[in-house]
Amino acid sequence: MGIGLFAQRWSLWRRSAWNRALDAGKITVRSLDPAAHVGPQSYISPTARLADGRTYLDRTTETVIGIIRRDCTTKSSEGDKATD
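The present account deals with the structure reproduced in this document. Not measured: the values here are computed from a predicted model.

**Description of the overall build of the chain**
Of regular secondary structure, the chain possesses three helices and zero strands. Start at the N end of the chain and walk to the C end: the helices and strands fall as α-α-α. Within the chain, buried positions represent 17% of all 84 residues. Expressed as a percentage of contacts within the chain between residues at least 6 apart in sequence, the contacts between residues at least 24 apart total 15%.

Written out as structure tokens, the structure is:
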């Protein structure tokens, strides 16, 4: 649904910043299903729960922290290679 709302993300707009970043592999789309974008079942809901008992907020937080840690680790190892 998100792509339909943002013309810059349509494949028709091949030179948009979004599509250039997507082509360069700089964008990864993560699905947090069954969470919704807004409302009581949103991905930041502290009350909606997954089958494993975690809240949607817990899972979203874990996902974001994992992405940040992975990115920091990648950047750190790239920096190490530059000094070798």
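Anyway, onward from the coordinates.
**Some points on the pattern of salt bridges**
For side chains bearing opposite charge, pairing can occur when the charged atoms are close. Enumeration over the complete set of coordinates arrives at two salt bridges. The partner of Asp52 in a salt bridge is Arg54, with the nearest N and O atoms 2.8 Å apart. Among the residues examined, Asp52 registers a relative accessible area of 51% and is labelled exposed. Between Arg54 and Glu62 there is a salt bridge whose closest N-O contact spans 2.5 Å. Assessed through its relative accessible area of 44%, Glu62 is described here as partly exposed. Within the structure, one salt-bridge network assembled from shared partners comprises Asp52, Arg54 and Glu62.

Calculation notes
Along each chain, residue indices are assigned from 1 in the same order as the chain's sequence is written. A pLDDT threshold of at least 70 governs which residues receive local features in this predicted model, and a stricter bar of 80 or more applies before side-chain atom pairs are shown or counted, although totals over entire chains, interfaces and linings include all residues. Derived side-chain values reflect all non-hydrogen atoms in the structure, with water molecules and hydrogen atoms excluded from consideration. Only DSSP runs of H or I with at least four residues qualify as helices, and only runs of E with at least two residues qualify as strands; both kinds are numbered from the N terminus onward. Each residue's exposure class comes from its accessible area (1.4 Å probe, protein chains only) as a fraction of the maximum for that residue type: buried when under 20%, exposed when over 50%, partly exposed otherwise. In what follows, a contact means two residues having at least one pair of non-hydrogen atoms within 4.5 Å. We count a salt bridge whenever a side-chain nitrogen from Lys or Arg sits within 4 Å of a carboxyl oxygen from Asp or Glu.

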